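For reference, the chains in residue letters:
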Amino acid sequence: MTIVHDRVPDMDKYPPLPDIILDNVPHISWAFEMSEITGMTLLMIWLVVLTFHKHRFILARRFFSIAGTIFLLRCVTMLITSLSVPGVHLDCKPAPYGTWAKRLHAAYVIWSGGGMSIQGVRTCGDYIFSGHTVSLTLLNFFITEYTSRRIYFLHTFTWVCNCFGVFFILAAHEHYSIDVFIAFYITSRLFLYYHTLVNNRALFKSHQGFDAKRTWFYFPLFSFFEQNIDGRIPNEFEMPVTFEDFGAMASRFSHKFSEITDRVPTKAKHREKSKPE
């Protein structure tokens, strides 16, 4: 992001591009903050699901692997082509950071703020494709996938948040329509492809098969992460820490403490015996 900020086109020389949605939707100043609040709501729901899900570590691994892949692709696409600023209300100018130390500091500010404007982060030039749309869509898909199908209210609510979050992004004129469309398409397709592969155990039954070799070649991390997963993950929930766990930890602590206390007098007696008479 710090590199593309250096390459953002001059707003006086390159006006906003024609956009069928942005040209017909008036600018709403508070819309982008609302999209981030919507994303934070989905994030809180996902953290609750992740905390109490029985297979929480598998879910977290899948979430970070898919999100990392998408945002790595986003780094490439926004670096290749620099679109003009989509709204005249935005104050985006090239920001030459100079040294790499200043670039790293700016990257740390963006990372620590989660790339959100409500945290005081302002980025320019990172248009293709929308990272906010990626986050909204990915959180929505993971929540609906790893909760019971009978919780219709929750699934409807997450889809409404996803759709309204995308609308708020466009209403804020922070991204072009093509940015949002590409982000939703790539995120949804990669999520569906990943879970289609992981739920199709026929690819892994024969490691000599052509499909298994092709999957290993094109998706090496997928083959590594999912090699011990046997089909679909059941949506089972449990307490992350039970009273038995507390009892086991207390027992181990008391055992270690007793070992330490037993050693102290032994060492003292050894020192007394070693003293010359």
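If you're wondering where the values come from, they're calculated on a predicted model, not measured in any experiment.

What about the packing of aromatic side chains?
- Under the defined criterion, the tally for this structure stands at 14 aromatic pairs.
- With a centroid separation of 5.3 Å and an interplanar angle of 55°, the aromatic rings of Trp46 and Phe142 are classed as tilted. Taken together, the residues span a long stretch of sequence, with Trp46 in helix α2 (residues 31-52) and Phe142 in helix α5 (residues 131-145) at a distance of 96 residues.
- With a centroid separation of 5.1 Å and 75° between ring planes, the pair formed by Phe142 and Phe191 is classed as edge-to-face. Linking Phe142 in helix α5 with Phe191 in helix α7 (residues 177-199), this pair joins segments that are 49 residues apart in sequence.
- Residue classification places Phe142 among the buried residues on the basis of a relative accessible area of 0%.
- Among the aromatic residues, ring-to-ring pairing joins Trp46, Phe63, Phe64, Phe141, Phe142, Tyr146, Trp159, Phe184 and Phe191 into one connected group.

Quick look at the side chain of His155
- Locating His155 in the fold gives a position in helix α6 (residues 152-171).
- With near-sequence residues (within four places) excluded, His155 lies in contact with Ile143, Thr144, Thr147, Ser148 and Arg149.

What about α5?
- Across its 15 residues, α5 extends 21 Å between first and last C-alpha, which sits within 8% of the 21 Å expected from 1.5 Å per residue.
- Judged by how many residues are buried, α5 sits mostly within the fold: 14 of 15 residues are covered.

Structural notes on the environment of His55
- Along the chain, the position of His55 falls in the loop between α2 and α3 (56-80).
- Separated by 180 residues in the primary sequence, His55 and Asn235 place their C-alpha atoms 8.2 Å from one another.
- Setting aside anything within four residues of it in sequence, one finds His55 in contact with Ile233, Pro234 and Glu236.

A short note on the nonpolar core
- Ranked by internal contacts, the top residues of the largest apolar core, which has 50 residues, are Trp46, Ile66, Cys92, Leu138 and Phe142.
- Secondary-structure elements contributing two or more residues to this core are α2, α3, α5, α6 and α7.

Description of the pattern of salt bridges
- In this structure the tally under the stated criterion is five salt bridges.
- As a salt-bridge pair, Glu236 and Lys54 come within 3.4 Å of each other at their nearest N and O atoms. With Glu236 in the loop between α10 (220-225) and α11 (243-274) and Lys54 in the loop between α2 and α3, this pair connects stretches of sequence that are 182 residues apart.
- Since its relative accessible area comes to 35%, Glu236 is described here as partly exposed.
- With its nearest N and O atoms 3.0 Å apart, the salt bridge here joins Arg74 to Asp126.

Some remarks on the state of the cysteines
- Tallying each qualifying case throughout the model produces one disulfide.
- The residue that forms a disulfide with Cys92 is Cys124, at a sulfur-sulfur distance of 2.1 Å. The sign of the -75° torsion about the S-S bond sets the Cys92-Cys124 disulfide as left-handed. Remark: Cys124 occurs in the loop between α4 (100-112) and α5 and Cys92 occurs in the loop between α3 and α4; sequence separation between them is 32 residues. You'll find Cys92 and Cys124 in the same group, each marked buried.
- Cys161 forms no disulfide, and the closest cysteine sulfur to it belongs to Cys163, at a distance of 9.5 Å.

Brief notes about the packing of α5 against α7
- Contact pair α5 / α7: the axes reach a minimum separation of 8 Å and the direction vectors enclose 30°. In terms of orientation, α5 lies roughly parallel with respect to α7. Classified by chirality, the crossing of α7 by α5 is right-handed. Taking contact as the criterion, the partners of Thr133, Val134, Thr137, Leu138, Phe141, Phe142 and Glu145 in α5 are, on α7, Val180, Ala183, Phe184, Thr187, Ser188, Phe191, Leu192 and His195.
- Taken together, the residues of the contact of α5 with α7 sort by class into nine nonpolar, five polar and one charged.

Definitions and cut-offs
- Residues numbered from 1 in each chain as written.
- Predicted model: local features only at pLDDT ≥ 70, side-chain atom pairs only at ≥ 80, totals over all residues.
- Heavy atoms only, no water.
- Phe/Tyr/Trp six-rings, centres within 6.5 Å; stacked < 30°, edge-to-face > 60°.
- Helix = DSSP H or I, 4+ residues; strand = E, 2+ residues; numbered from the N terminus.
- Buried < 20%, exposed > 50% of the residue type's maximum accessible area, 1.4 Å probe, protein only.
- Contact = heavy atoms within 4.5 Å.
- Expected span 1.5 Å × (residues − 1).
- Core = buried A, V, L, I, M, F, W, Y, C linked by side-chain atoms within 4.5 Å.
- Salt bridge = Lys/Arg side-chain N within 4 Å of Asp/Glu carboxyl O.
- Disulfide = S-S within 2.5 Å.
- Axes fitted to C-alpha atoms, helices over the stretch in contact; angles between N-to-C directions.
- Parallel < 35°, antiparallel > 145°, perpendicular 65-115°, else oblique.
- Left-handed = near helix turned anticlockwise from the far one by under 90°.
- Nonpolar A, V, L, I, M, F, W, Y, C, P; charged D, E, K, R; others polar.

Treat this as a map of the structure, not an account of what it does.
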